[in-house]
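Remarks on the overall topology
As a plain string of letters, each chain reads:
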Amino acid sequence: MTAHVCSMYLLAERMTQDFLAGKCSLPAISMVKAYTTKLGREVVAMCREIVGGNGIVLDFGIASKWADMEATYTYEGTYEICSLVAGRALTGVSAIKSASAVKNSIKRQQRSKL
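Described in the following lines is the structure provided in the data block. Values in this document were obtained by computation on a predicted structure and should not be read as measured data. (Residues numbered from 1 in each chain as written. Predicted model: local features only at pLDDT ≥ 70, side-chain atom pairs only at ≥ 80, totals over all residues. Heavy atoms only, no water.)

Turning to the overall build of the protein chain, a few remarks are in order. Along the backbone of the protein chain there are five helices and zero strands. Each helix (α) and strand (β) of the protein chain, taken in turn from the N terminus, gives the series α-α-α-α-α. A compact globule built from 114 residues should have a C-alpha radius of gyration of about 13 Å, whereas the protein chain, at 20 Å, is more than 25% larger. When its C-alpha atoms are laid out on the principal axes, the protein chain stretches across 65 × 40 × 20 Å. Here the protein chain, with 114 residues, has 20% of them falling under the buried criterion. Sequence-distant contacts in the protein chain: of pairs separated by 6 or more residues, those separated by 24 or more amount to 58%. Accessible surface for the protein chain amounts to roughly 8,200 Å². Of this, 62% is attributable to carbon and sulfur atoms. For the protein chain, the distance from the average site of its 14 positive side-chain charges to the average site of its 9 negative ones is 19 Å. (Helix = DSSP H or I, 4+ residues; strand = E, 2+ residues; numbered from the N terminus. Rg over C-alpha atoms; globule rule 2.2 N^0.38 Å. Buried < 20%, exposed > 50% of the residue type's maximum accessible area, 1.4 Å probe, protein only. Contact = heavy atoms within 4.5 Å. Areas by Shrake-Rupley, 256 points an atom, 1.4 Å probe, with all protein chains shown as cover. Lys, Arg positive; Asp, Glu negative; His and termini not counted. Charge placed at Lys NZ, Arg CZ, Asp CG, Glu CD.)

Structural data, given as structure tokens:
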């Protein structure tokens, strides 16, 4: 668990240094954000397991941290979106389509049926 926290901190620290120096790119930032979000979720899950039944009651604070991390990972879509952005940079293929691209695709399909 400590190794996860240290790796997240060091990645964020390095990305901040690169950002301030003007050396980082959006895909690199997205990859770090996706990775830290995933590891953060694993860390709070380990914390819950370590304290047993007390990990699900609000008296110990772990349950609220777990809920916060789940919201970051799932509700905000941080992991999925950042993974798609990083994947596009690695492969050159975009899995994200704009609304106008989807509309144009539908129009082309409808025209081809006529």
